[in-house]
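# A look at the structure
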Amino acid sequence: MAKKRILSGMRPTGPLHLGNLHGALANWKKMQEDYECFFFIADWHALTSDYDMTAPIQGYATDIFIDWLSVGLSPDKCTLFVQSHIKEHAELSLLLSMITPLPWLERNPTYKEQIAELKDKDLSTFGFLGYPVLQAADIIMYKANGVPVGIDQAPHVELTREIARRFNYLYGNIFPIPETILTETSKILGIDRRKMSKSYNNAIFLSDSLEEIRNKVSQMITDPQRARRTDPGNPEVCNVFSFHHLYSGQQTVQHVDPECRKAQIGCVECKEMMAENLIRALEPLHEKRAYYKAHPDTVRAIIEDGDERARTVARKTMEEVREAIKI
Ligand code: TRP
Ligand code: SF4
């Protein structure tokens with residue numbers, strides 16, 4: 001039986017962090033072994049909110065691509081490409097916009113949330129309202145069977161299913177109806193104990209230098225009840241301890257747990273130990289990152305190759321679409 005086809009994308013609005021690594025990227029990495037995967041940089045989608053600040057988008061796009069390669073997404077196993085390089089997405093998005101009823105877009109919960117959240121930004125644009133239409137085009141262009149996304153993106157995949165059904169009903173059965181594959185949100189918190197997010201300024205980035213990592217770890221909030229070195233701590237509520245679980249191995253975890261509860265280890269020491277383990281765990285990733293940074297031509301060639309593979313599929317889909325619509 002043919003492998004199921006999976007597709008997902010990321011908006012290049014900033015560098016990737018450990019939350020992304022343990023969330024989406026870990027999931028994609030697993031999926032590339034079992035599915036035919038398409039992963040892409042949604043740079044046109046970045047424009048929907050950052051249309052007045054476009055200069056950094058291409059830099060972020062390349063950097064995220066390098067992060068993908070460095071964590072082990074393999075161009076031999078999946079098709080990695082850039083949305084704006086495949087102009088067919090714009091054509092399909094336009095055609096889908098003709099059949100998408102406005103109320104579907106207006107009642108999209110992400111739309112309402114974002115408008116409320118980003119108050120200082122004028123998001124009453126056509127492009128922002130149409131965000132899910134472009135996303136639907138991204139997805140059905142490749143006839144994806146499944147879309148791995150976080151819970152925040154679930155309404156967009158739901159809308160994609162409705163748009164695809166409507167297309168099939170109006171013009172003939174071309175598109176499979178894609179399933180939402182929910183990615184578990186990573187349990188890793190930011191250095192201030194809130195959800196790790198670049199907009200909270202609490203993230204450890206994959207591109208951070210060793211000094212930055214050590215510095216950020218030293219600022220991490222531990223057990224808030226443990227005010228003094230002599231106070232016993234509770235590792236269960238400590239974010240540093242969660243990091244130990246991920247990066248330090250069983251032995252350290254079993255050593256830190258009782259020592260912390262008896263105030264035999266201080267947070268400074270505990271953090272320093274964790275930072276070194278984190279740095280060691282990220283070392284292979286950092287090495288690959290440095291390699292790709294130093295070889296931009298290699299990166300460009302990998303992107304072009306992915307684009308070419310994506311474009312072949314997109315062209316074929318668009319031929320079918322035009323024939324179905326008779327235009
Ligand atoms: N909207 C997604 C996000 O912000 C990015 C995205 C664009 C996407 N097109 C997609 C995700 C298609 C999955 C499938 O995270
Ligand atoms: Fe957290 Fe370690 Fe401090 Fe305990 S000793 S509170 S586990 S940082």
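Conventions we followed
Residues numbered from 1 in each chain as written. Chains lettered and ligands numbered in written order. Predicted model: local features only at pLDDT ≥ 70, side-chain atom pairs only at ≥ 80, totals over all residues. Heavy atoms only, no water. Buried < 20%, exposed > 50% of the residue type's maximum accessible area, 1.4 Å probe, protein only. Helix = DSSP H or I, 4+ residues; strand = E, 2+ residues; numbered from the N terminus. Pairing = 2+ DSSP bridges. Right-handed = clockwise from strand over helix to strand, strands pointing away. Near = heavy atom within 4 Å. Polar contact = N/O pair within 3.5 Å; in protein donor to acceptor, adjacent residues only side chain to side chain. Areas by Shrake-Rupley, 256 points an atom, 1.4 Å probe, with all protein chains shown as cover. Nonpolar A, V, L, I, M, F, W, Y, C, P; charged D, E, K, R; others polar. Domains from an automatic or database assignment. Contact = heavy atoms within 4.5 Å. Buried area = accessible area lost by both parts, 1.4 Å probe.

## Side note on the pairing of strand 1 (residues 5–10)
Of all six residues in strand 1, five are buried, a share of seventy percent or more. Taken together, the six bridges between strand 1 and strand 2 (residues 36–41) define a ladder with parallel strand orientation. The partner of Ser8 across the bridge, within strand 2, is Phe39. Read from strand 1 through helix 1 (residues 18–34) to strand 2, the crossover connection turns out right-handed.

## Some details on the site of ligand 1
Among the 14 residues in the neighbourhood of ligand 1, the closest are listed as His45, Tyr131, Gln135, Asp138 and Gln153. Contact distances for ligand 1 include 2.6 Å between a nitrogen atom and a side-chain N or O atom of Tyr131. One nitrogen or oxygen atom from the side chain of Asp138 is found 2.7 Å from a nitrogen atom belonging to ligand 1. Notes on ligand 1: free accessible area 370 Å², of which the protein chains cover 90%. Contributions of two or more residues to the shell around ligand 1 are made by strand 1, helix 8 (131–141) and strand 4 (146–149). Classifying every residue of the shell around ligand 1 gives seven nonpolar, five polar and two charged.

## Brief notes about the domain arrangement of the chain
For the chain, the assigned domains are domain 1 (5–188 + 296–325) and domain 2 (210–289). Each of domain 1 and domain 2 has a C-alpha centre, and these two points are 36 Å apart. Taken residue by residue, the interface counts 10 residues in domain 1 and eight residues in domain 2. For the pairing of domain 1 and domain 2, the buried interface totals around 780 Å² over both sides, and the portion due to carbon and sulfur atoms is 64%.

## Digging into the environment of Ala301
Mapping Ala301 onto the fold places it in helix 14 (residues 296–325). We classify Ala301 as partly exposed; its relative accessible area is 42%. Sequence separation between Ala301 and Thr79 is 222 residues; the distance between their C-alpha atoms is 13 Å.

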